[in-house]
Amino acid sequence: MAKIELTTSEQACELKEVETPSKAAPLVVDFKNVSKTFDAGTSRAFTAIKDVTFSVEDIPKIGEFIGVLGPSGCGKSTVLRLIAGLAPQFPATSGSVLVHGEPVTEPGPDRGFVFQDYANFPHRTVLDNVAFGLECRQVPEKERLERAREWIAKVGLDPKNDGNKYPHQLSGGMNQRVAIARTLIMHPRIILMDEPFGALDPTTRQRMQDLLVSLWRELEATVFFITHDIPEAVYLGDRVFIFTPSPGTIARQFAVAPPDRPAREMQMEPAFLDSVRHVRSLLDKLEDEKHNQTS
Ligand SMILES: Nc1ncnc2c1ncn2[C@@H]1O[C@H](COP(=O)(O)OP(=O)(O)O)[C@@H](O)[C@H]1O
Ligand SMILES: [Mg+2]
């Protein structure tokens, strides 16, 4: 495969285009010519994604972080929900979607999903929200609450003060921390994040980016992270996928430098800003092409 190796500081924010890896290593996720047409066969038929092909290798003890960028409605959520096995995006109309070499048939605990609107349970406390997955797995109460307290602390909340609060008593950033803890406590091998920080103010957002990087390093999972924020994708990603406007397909893939410094520091550096400009102009170009075709 085209290796993603940008580690020295001169290369830090250079963009290298990458090919989809060959089949040599085991693959965590493998899409081949995946298309999804909603309401197929009716007058409302709408093709959301077309011929999406990519693969992500299972890199032992690392896990890759993939930033997903593309215009609204290009099918980014569709791709994540196909990996998760969530209807109505799942199943695909054609093509193959493999996770750890097997066709996806349903959602599973190996894949955790974090949404923009957190989706915490309103009538459960923070502690019971975070412990929910373990409760479903019938982990004894003492153990699950202990692990939930650990995760509440890991996401930067205070188990004593915040553990007994309800979601409506928390800020957006705190709610998203709870949602992240609730998902990661299950140790999914694949973490699917659909614009998770989209509703947060810029300062909270950068803090959450740093938090995510540290948790991801610890979990060594593969992450797919959808965002509209180009700096966020370039900062967080090892690789960035750029989708075309609808029907979406992957126009380009870039290797970007891993986030080895705090968000606030790295996002000010000229090389980083160059990468962001490059990605932005590519996205603009794709949108212009689409606009010229349709006008
Ligand atoms: N259940 C559905 N039925 C019909 N069209 C849908 C459905 N879900 C999504 N779409 C359409 O598919 C396209 C891609 O949607 P989505 O994957 O949510 O895009 P993105 O996440 O990139 O904004 C959009 O045009 C959307 O309106
Ligand atoms: Mg979406």
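Everything discussed here concerns the structure shown above.
What counts and how
- Residues numbered from 1 in each chain as written.
- Chains lettered and ligands numbered in written order.
- Predicted model: local features only at pLDDT ≥ 70, side-chain atom pairs only at ≥ 80, totals over all residues.
- Pairing = 2+ DSSP bridges.
- Helix = DSSP H or I, 4+ residues; strand = E, 2+ residues; numbered from the N terminus.
- Contact = placed C-beta atoms within 7 Å.
- Axes fitted to C-alpha atoms, helices over the stretch in contact; angles between N-to-C directions.
- Core = buried A, V, L, I, M, F, W, Y, C linked by C-beta atoms within 7 Å.
- Buried ≥ 20, exposed ≤ 12 C-beta atoms within 10 Å, placed from the backbone.
- Domains from an automatic or database assignment.
- Near = placed C-beta within 6 Å.

Draft legend 1. Spotlight on the sheet that holds strand β3 (residues 46-57). Here 4 strands make up an open sheet; going across it, the order is β3-β2-β5-β6 and the pairing antiparallel. With one partner strand each, in any of the chains shown, β3 and β6 (102-103) form the two edges of the open sheet. Here strand β2 (residues 27-38) runs beside strand β5 (residues 94-99); their pairing, made up of 5 bridges, is antiparallel. By the bridge assignment, S35 is partnered in β5 with S94. The strands touched by helix α1 (residues 76-84) within the sheet are β2, β3 and β5, with β3 carrying the most contacts at an inclination of about 60°.

Draft legend 2. Seen up close, the nonpolar core. If you look at the biggest cluster of nonpolar residues, it comprises 78 residues, and the most contacted ones within it are I83 and V130. No other element matches helix α6 (residues 172-184), which puts 6 residues into this core. Both of domain 1 (16-110 + 191-294) and domain 2 (120-187) provide at least three residues apiece to this core. Beyond its immediate chain neighbours, meaning those up to four positions away, V130 contacts A148, W151, I152, V178, A181, R182 and I185.

Draft legend 3. A look at the site of ligand 1. Taken together, 13 residues are adjacent to ligand 1, and F38, A48, K76, S77 and T78 come closest. Counting only elements with at least two residues in the shell around ligand 1, the list comes to β3 and α1.

Draft legend 4. Spatial organisation of unusual backbone geometry. Omega for the peptide link from A87 to P88 comes to 0°, which places this bond in the cis form. With respect to the helices, strands and loops of the structure, P88 is situated in the loop between α1 and β5. The linkage connecting S246 with the following residue, P247, adopts the cis geometry, with an omega of -5°. Here P247 is to be found in the loop between β10 (239-243) and β11 (250-255). Positive phi outside glycine occurs at Q138, with the angle close to 60°. Tracing the chain through its elements places Q138 in the loop between α3 (132-136) and α4 (141-154). For E220, which is not glycine, the phi dihedral falls at a positive 55°.

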